[in-house]
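# Secondary and tertiary structure notes
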Number of protein chains: 2
Amino acid sequence: MTRPGGANRVAPLDRAELHGSLGDPVLTSIAFLNEIMSRFPDAISFAPGAPHLRFLRDLDVHRHVDRYVDHLCAERGLPPGQARRLLYEYGPSRGLITDLVSEALRDQGIDVPPEAVVITVGAQEAMVLTLRALCRSADEALAVVTPCFVGILGAARLLDIDVVGVGESGHGLDLEQLAAACRAARAGGRRIRAVYVAPDYANPSGTRLDLPTRLRLLDLAEQEDLFLLEDSAYWFTALPEAEIPMLKALDTAARVIHIGTFAKLCLPGARVGFAVADQFVRTKDGRYRRLADDLADLKTMLTVNTSPICQAIVGGMLLEHGGSMARLGREKAALYRRNLANLLSALEKQVPRDGEVSWNHPEGGFFVRMRLPIPADTALLELSASKYRVLWTPMSPFHLDAAGANELRLSCSYLDPEQIEEGVGRLAEFLRNIAT
Amino acid sequence: MTRPGGANRVAPLDRAELHGSLGDPVLTSIAFLNEIMSRFPDAISFAPGAPHLRFLRDLDVHRHVDRYVDHLCAERGLPPGQARRLLYEYGPSRGLITDLVSEALRDQGIDVPPEAVVITVGAQEAMVLTLRALCRSADEALAVVTPCFVGILGAARLLDIDVVGVGESGHGLDLEQLAAACRAARAGGRRIRAVYVAPDYANPSGTRLDLPTRLRLLDLAEQEDLFLLEDSAYWFTALPEAEIPMLKALDTAARVIHIGTFAKLCLPGARVGFAVADQFVRTKDGRYRRLADDLADLKTMLTVNTSPICQAIVGGMLLEHGGSMARLGREKAALYRRNLANLLSALEKQVPRDGEVSWNHPEGGFFVRMRLPIPADTALLELSASKYRVLWTPMSPFHLDAAGANELRLSCSYLDPEQIEEGVGRLAEFLRNIAT
């Protein structure tokens with residue numbers, strides 16, 4: 001034996017050069033935010049888009065698992081031990097709770113069978129699976145509405161899929177720019193295959209698409225042969241009387257793949273999301289099956305299946321609310337709307353409207369978008385944190401180009417009213433001083 | 001409004017042709033096995049490589065979560081409520097229990113800091129992340145020892161990475177063929193970037209690499225500038241006195257990326273695995289960081305993080321066994337060795353050794369590899385199921401070429417001794433009849 005076991009010396013790979021650091025601007029930005037938050041623990045942070053801790057404080061995941069096990073017993077006629085074991089074994093790659101999700105989606109006008117649903121490890125895996133299924137050659141690009149949720153950019157990057165940015169307009173999405181991007185792609189021998197859009201209070205812009213824009217987007221998708229990836233993370237924060245049908249509910253031509261998450265409705269730590277993909281796909285032997293079947297097959301190659309225990313937590317929470325996502329989200333939605341109203345009214349009171357600083361007024365979601373007269377970069381964030389003890393997220397990592405350099409994102413989901421009030425006070429002082 | 005909401009008619013996409021059914025031979029084979037198992041519920045199945053139900057029957061995941069929460073409180077000085085909330089929120093992409101895993105790996109002679117560990121959604125995600133980090137151009141291929149665990153083939157397929165098969169030899173891996181494959185790749189302007197190998201009782205062959213072969217493989221990796229992806233799923237089933245150091249424990253040149261799973265040691269339903277990647281990687285700005293950092297960054301784009309609740313289940317189980325994977329696996333290993341011994345002795349007693357039918361004699365793992373005089377295909381499996389009520393797995397989906405057509409895999413992990421005895425009796429009758 002020429003080598004001693006046990007010792008594990010590590011040599012830098014200066015010869016076998018690995019494909020170095022990813023150098024992702026988003027990850028760099030998140031790392032910087034985390035670092036700055038740890039340096040200024042007394043700062044009030046409008047940065048994290050995380051659920052309010054109040055909803056996690058009294059969460060009893062054991063109870064929810066038990067509730068789901070009871071349901072399994074009743075539904076499938078299983079003895080309790082056997083139902084519980086189903087959570088501990090490998091499970092079907094499409095998931096255990098597809099029936100509950102399919103049922104729950106009816107509230108939102110989405111009428112699909114359980115077979116059209118795939119349960120995923122958060123919305124993130126749903127995005128990866130969908131992009132992998134749709135974009136298969138280097139010529140097939142993804143369009144995104146910018147500023148854009150960084151998760152979809154990461155998913156595209158992971159799969160080496162080109163991304164084309166399309167700006168927002170007064171109606172939330174510049175349809176003419178999207179049509180022009182499709183034409184430009186074709187002229188270059190390429191193709192826009194799908195468009196990522198978060199119609200309800202998008203992260204990070206807070207933008208919502210009105211109904212006419214949704215309908216025109218669906219028409220354009222049909223015309224240009226596009227798929228729409230609808231991310232619905234924040235829909236539940238809308239006032240019931242102000243709800244606008246989801247793209248998927250308006251989708252008569254199977255153009256929409258709907259992506260959902262239980263991170264905000266239930267808890268992030270379960271890592272449960274889903275994709276709705278009822279499109280029919282022609283197989284090599286000329287038969288048809290659902291796109292969801294392709295996603296489930298791809299999932300066997302990615303994570304095998306979503307933890308059935310985590311699915312049971314979410315399933316139990318759904319069942320406790322009569323199987324309705326809207327009911328599950330009602331109390332949370334009220335708190336988030338209150339926070340948002342507090343943030344907007346505090347800004348109104350404390351930040352002078354002098355044309356230099358402006359912000360939008362979303363009616364739901366977690367985020368407000370603010371424009372400054374100067375770049376909202378990391379240097380400015382450092383100043384904001386160190387001198388004014390208030391944090392926010394620079395908007396530029398959410399853009400594909402230099403746009404948004406002067407913008408920042410304010411999130412209020414995580415905070416209490418007093419923190420919002422105090423935080424806006426600090427922000428106002430900071431803004432007064434940078435303006436001069 | 002020109003479209004009614006709510007109705008969701010689905011049109012086949014015969015025009016916008018989607019990239020049809022994946023037509024994966026492995027998935028087709030699994031689907032066929034599932035289908036045949038449901039048609040013959042009274043058949044004894046040597047097909048599933050799943051953990052024995054006995055270990056899931058009395059599992060109390062709540063207790064394990066509570067145990068881990070206690071540990072978090074003690075370790076980090078957190079009040080219980082706060083520790084529990086850590087499980088419900090988003091968590092670090094590299095995972096919460098990297099310290100426990102790093103500590104546990106010392107038993108196996110693997111001495112790496114927690115920063116070299118990334119907790120993943122099962123071993124499957126660890127494979128995807130590792131392949132994505134290592135193989136970045138179409139010229140960089142993966143070599144696998146065949147027959148081969150289908151998960152790595154799926155991961156490579158998902159990422160469009162070319163796979164080159166290398167056969168087994170008397171020592172478990174044909175090193176000369178591997179060296180020749182490296183030379184052939186270079187001659188063709190390509191490169192074998194990494195080799196997937198399961199040194200301890202591989203799935204599906206049951207093969208184990210002896211120590212000299214492990215050392216020669218490490219030398220070859222150094223010589224040919226290869227990384228070794230070591231899959232350690234079945235190591236714990238080895239008799240303690242018969243343990244051979246893992247590749248990672250012998251790895252003095254940071255050639256090995258070690259991939260582990262808690263599916264067999266704890267439970268499949270937690271979907272927790274890990275990658276050990278202590279290699280140093282040069283970043284674009286000339287600094288070094290660990291490959292594990294790259295994997296954690298890639299993970300933010302794939303699943304964000306592994307459910308902290310699931311990590312807590314595994315963490316609690318580890319803690320209950322003094323933080324040792326070996327102790328955690330001891331009772332299970334004894335049962336699996338007993339099953340394997342029963343299977344081998346029943347075969348010895350009941351199946352005539354006439355040179356037509358043969359099988360190997362692994363000392364650990366879940367699997368025995370058997371050779372028949374005729375193709376072990378789906379038609380033969382159908383016959384075996386319908387007439388003899390015994391099931392097994394055809395080996396051909398585990399191969400990249402036509403090799404293995406006459407082979408099948410027998411798994412005994414899931415069965416009880418009486419089922420094994422009875423199942424081998426049925427198998428013997430089946431084999432007698434196909435031989436004539």
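These lines cover the structure that appears in this document, whether it is placed above or below. (Residues numbered from 1 in each chain as written. Chains lettered and ligands numbered in written order. Predicted model: local features only at pLDDT ≥ 70, side-chain atom pairs only at ≥ 80, totals over all residues. Heavy atoms only, no water.)

### A short note on the pattern of salt bridges
Residue and element names in this part refer to chain A.
- Counted under the stated rule, the structure contains 60 salt bridges over all chains.
- Notably, a salt bridge pairs Glu 331 with Arg 54, separated by 3.2 Å at the nearest N-O pair. With Glu 331 in helix H12 (residues 325-350) and Arg 54 in helix H2 (residues 54-57), this pair connects stretches of sequence that are 277 residues apart.
- Judged by its relative accessible area of 37%, Arg 54 is partly exposed. (Salt bridge = Lys/Arg side-chain N within 4 Å of Asp/Glu carboxyl O. Helix = DSSP H or I, 4+ residues; strand = E, 2+ residues; numbered from the N terminus. Buried < 20%, exposed > 50% of the residue type's maximum accessible area, 1.4 Å probe, protein only.)

### As for the pairing of strand S2 (residues 117-120) of chain A
Residue and element names in this part refer to chain A.
- Residues of S2 alternate between two faces, with Val 117 and Ile 119 on one and Val 118 and Thr 120 on the opposite face, all of them buried.
- Note that S2 and strand S8 (residues 273-276) share four bridges and pair antiparallel. Opposite Val 118, over in S8, you have Ala 275 as the bridge partner. (Pairing = 2+ DSSP bridges.)

### Points about the sheet that holds strand S6 (residues 227-231) of chain B
Residues and elements named next belong to chain B.
- Spatially, S2-S8-S7-S6-S5-S3-S4 is the arrangement adopted by the seven strands of the open sheet, whose pairing is mixed. Strands with a single pairing partner mark the edges of an open sheet, and in this sheet they are strand S2 (117-120) and strand S4 (163-166). Along the sheet, successive strands turn relative to each other by an average axial angle of 20°, direction set aside.
- Relative to strand S7 (residues 256-261), helix H6 (residues 122-134) is tilted by about 160°, and along the sheet it contacts S2, strand S3 (140-145), strand S5 (191-197), S6, S7 and strand S8 (273-276).
- Seen against the sheet, helix H8 (residues 175-187) touches S3, S4 and S5 and runs at an angle of roughly 155° to S5. (Axes fitted to C-alpha atoms, helices over the stretch in contact; angles between N-to-C directions. Contact = heavy atoms within 4.5 Å.)

### Considerations on the packing of aromatic side chains
- A complete count under the given rule lists 20 aromatic pairs over all chains for this structure.
- Summarising the aromatic geometry, the rings of A:Tyr336 and A:Phe366 are spaced 4.4 Å apart at their centres and angled 45° between planes, so their arrangement reads as tilted. Linking A:Tyr336 in helix H12 with A:Phe366 in the loop between strand S11 (358-359) and strand S12 (367-371), this pair joins segments that are 30 residues apart in sequence. Each of the two residues, A:Tyr336 as well as A:Phe366, counts as buried.
- Look at B:Trp235 and B:Phe236: their rings are 6.3 Å apart centre to centre, the planes differ by 80°, and that puts the pair in the edge-to-face class. In this pair, the class of B:Trp235 matches that of B:Phe236, namely buried. (Phe/Tyr/Trp six-rings, centres within 6.5 Å; stacked < 30°, edge-to-face > 60°.)

### Describing the environment of A:Val26
Residues and elements named next belong to chain A.
- When you line up the elements, Val 26 lands in helix H1 (residues 25-39).
- On the basis of relative accessible area, Val 26 is assigned to the buried category, the value being 12%.
- With 124 residues separating them in the primary sequence, Val 26 and Val 150 have C-alpha atoms 7.0 Å apart.
- When sequence neighbours within four positions are dropped, the list of residues in contact with Val 26 reads Val 150 and Pro 397.

### Regarding helix H11 (residues 308-320) of chain B
Residues and elements named next belong to chain B.
- Taking 1.5 Å per residue as the helical rise, H11 with its 13 residues ought to reach 18 Å, and the 18 Å between its terminal C-alpha atoms agrees with that figure.
- Along H11, the residues classified as buried are Pro 308, Ile 309, Cys 310, Gln 311, Ala 312, Ile 313, Val 314, Gly 315, Gly 316, Met 317, Leu 318 and Leu 319.
- Among the residues trailing H11, Gly 322 stands out with phi positive, at a value near 60°. (Expected span 1.5 Å × (residues − 1).)

### Comments concerning the nonpolar core
- In this structure, A:Leu267 and B:Leu267 are the most contacted members of the largest nonpolar core, which totals 112 residues.
- Beyond its immediate stretch of four places on either side in the chain, B:Leu267 contacts A:Tyr88, A:Ile309, B:Leu56, B:Leu59, B:Val61, B:Phe262, B:Ile313 and B:Met317.
- Counting 78 residues, the second-largest nonpolar core is a separate cluster that includes B:Ala126, B:Ala156, B:Ile161 and B:Ala198. (Core = buried A, V, L, I, M, F, W, Y, C linked by side-chain atoms within 4.5 Å.)

### Quick word on helix H6 (residues 122-134) of chain A
- Compared with an ideal rise of 1.5 Å per residue, which puts 13 residues at 18 Å, H6(A) spans 19 Å between its outermost C-alpha atoms and is within 8% of the ideal.
- With respect to burial, H6(A) is a largely interior element, 13 of its 13 residues being buried.

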